[in-house]
Every structure is written in C-alpha cells, then in structure tokens.
Amino acid sequence: MYEFAAISSTFPMLLSVTGYIWSAFFGDPDRFPGSPRLHALLVLLQFLTVTMVYGYPSSMSFVLLSVLYFTQGIGVVYYIRKKGRVDCGCLGPQFHSRLGWPLIAVNGLMGMLSWGWSHPSWFIYPEAVALNGFLLEGMLLLVSLLVIVGIPDAVHAIRIYRELAAPHAPYIKPR
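The rules behind the values
Residues numbered from 1 in each chain as written. Predicted model: local features only at pLDDT ≥ 70, side-chain atom pairs only at ≥ 80, totals over all residues. Heavy atoms only, no water. Helix = DSSP H or I, 4+ residues; strand = E, 2+ residues; numbered from the N terminus. Contact = heavy atoms within 4.5 Å. UniProt positions renumbered as here; feature names shortened; annotations may be inferred. Core = buried A, V, L, I, M, F, W, Y, C linked by side-chain atoms within 4.5 Å. Buried < 20%, exposed > 50% of the residue type's maximum accessible area, 1.4 Å probe, protein only.

**Student:** Can you break down the environment of G111 residue by residue, with the values?
**Tutor:** Within the fold, G111 resides in helix α4 (residues 101-117). Considered as a pair, G111 and N132 are 21 residues apart in the sequence and their alpha carbons are 25 Å apart. Apart from residues no more than four positions distant in its own chain, G111 is found in contact with S66, Y69 and F70.

Written out as structure tokens, the structure is:
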C-alpha cells in the first residue's frame, strides 16, 4: 500500500524531473518563466524529495513533498501575476503547458494528497533506508521517460506517416 501512496503522489514530479533532464541533455530552450538557476534548483528539490519518499519511507517525507507541492502552487500564482499565462516548461519541450489555475489546482490537490498520506495511522513506516524503493523510483523514471519522450514522438511519427501515405490510399485495395 505504501508503494501506491508513493507513486500516486510523486509521479507528476517524476515527469517534471524527466522532462527537464531530457531537454537539458539535448540543449532545448528552457521555457521556465524564472531564471535557469531557479529552475535547476526546483528540479533538484523535486528529485531529492521524491528520492526521500522512495528511499526513506516516513511520514516526514510525505510532509516535505506536500510542502514542495504547495510552494510550487504559490510560485505559479506569483508568475501568473508577474508574467501572465506563459509556458512553464513543466514537462519539457514537447509538451506546451501554460501557467494557469488548473496547474495551481493540480499542485494544491497533490499537496493535499501528500499531506493525507503523511498521516501516521495510514502506514507502519519502517523509518529505514529502503533499497527496493530506489529500484521502484528508477523504474518509474523509465516510465516517465516513455511518457515524456515516447508518446509525443509516436504521435508525431504517425502524423508524418499518414501524410506520406495519403497519396497512395486510392491504390490500396479495400478488404
């Protein structure tokens, strides 16, 4: 049951970390509305907090995760007031996600979910380093890489294939 709680509360942050690393690796432009240092610090905090949830299962790790979600929500409000509805670059270069009230709501909802999972009566926390948690985090990073990179690339490839195949459609026999 702890694994379900960890996955349900950390997956958006894993997507964000994967999108940032993928775009930084290929030198894509950073669309984060703040400074590049602030974006790197935010991604580092996300990665460390998520790693804490998986590697050191405790009530405090979920509390810190919820604080980070609430802080991100406040940051979104700040940047909406300062720069308007700009592209946040939250999920890397292939997804165009704009700062707005839905993003604030998602951060608030995920913060409340993480806060709820931190209640001590939900789980018996082992309060020790869990190596299988690190393995689970690694597997989820691979899944998030598939979501961030694989799905948009597949949609793009299907669109190109259909454009190339359209002139030949009348010559193909219907079955």
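**Student:** How would you explain the UniProt feature "transmembrane region" (unreviewed entry) in the protein if you had to name every residue and give the values?
**Tutor:** The feature "transmembrane region" (unreviewed entry), as annotated in UniProt, sits at residues 6-26, 38-56, 62-80, 100-117 and 129-151 in this numbering. Structurally, residues 129-151 is divided into 91% helix and 0% strand, and its ends, taken at the C-alpha atoms, are 34 Å apart.

**Student:** Hey, could you go over the nonpolar core for me, with residue numbers and the actual values?
**Tutor:** Within the largest apolar cluster, 16 residues are counted, with the highest numbers of intra-cluster contacts made by M13, V53, Y54, F62 and L65. Elements with a contribution of two residues or more to this core: α1 (2-25), α2 (36-55), α3 (59-83), α4 and α5 (131-165). When near neighbours in sequence (up to four residues on either side) are disregarded, L65 contacts S9, T10, M13, T49, V53 and S114. Grouped together as the second largest cluster of nonpolar side chains are 6 residues, V76, I80, C88 and I104 included.

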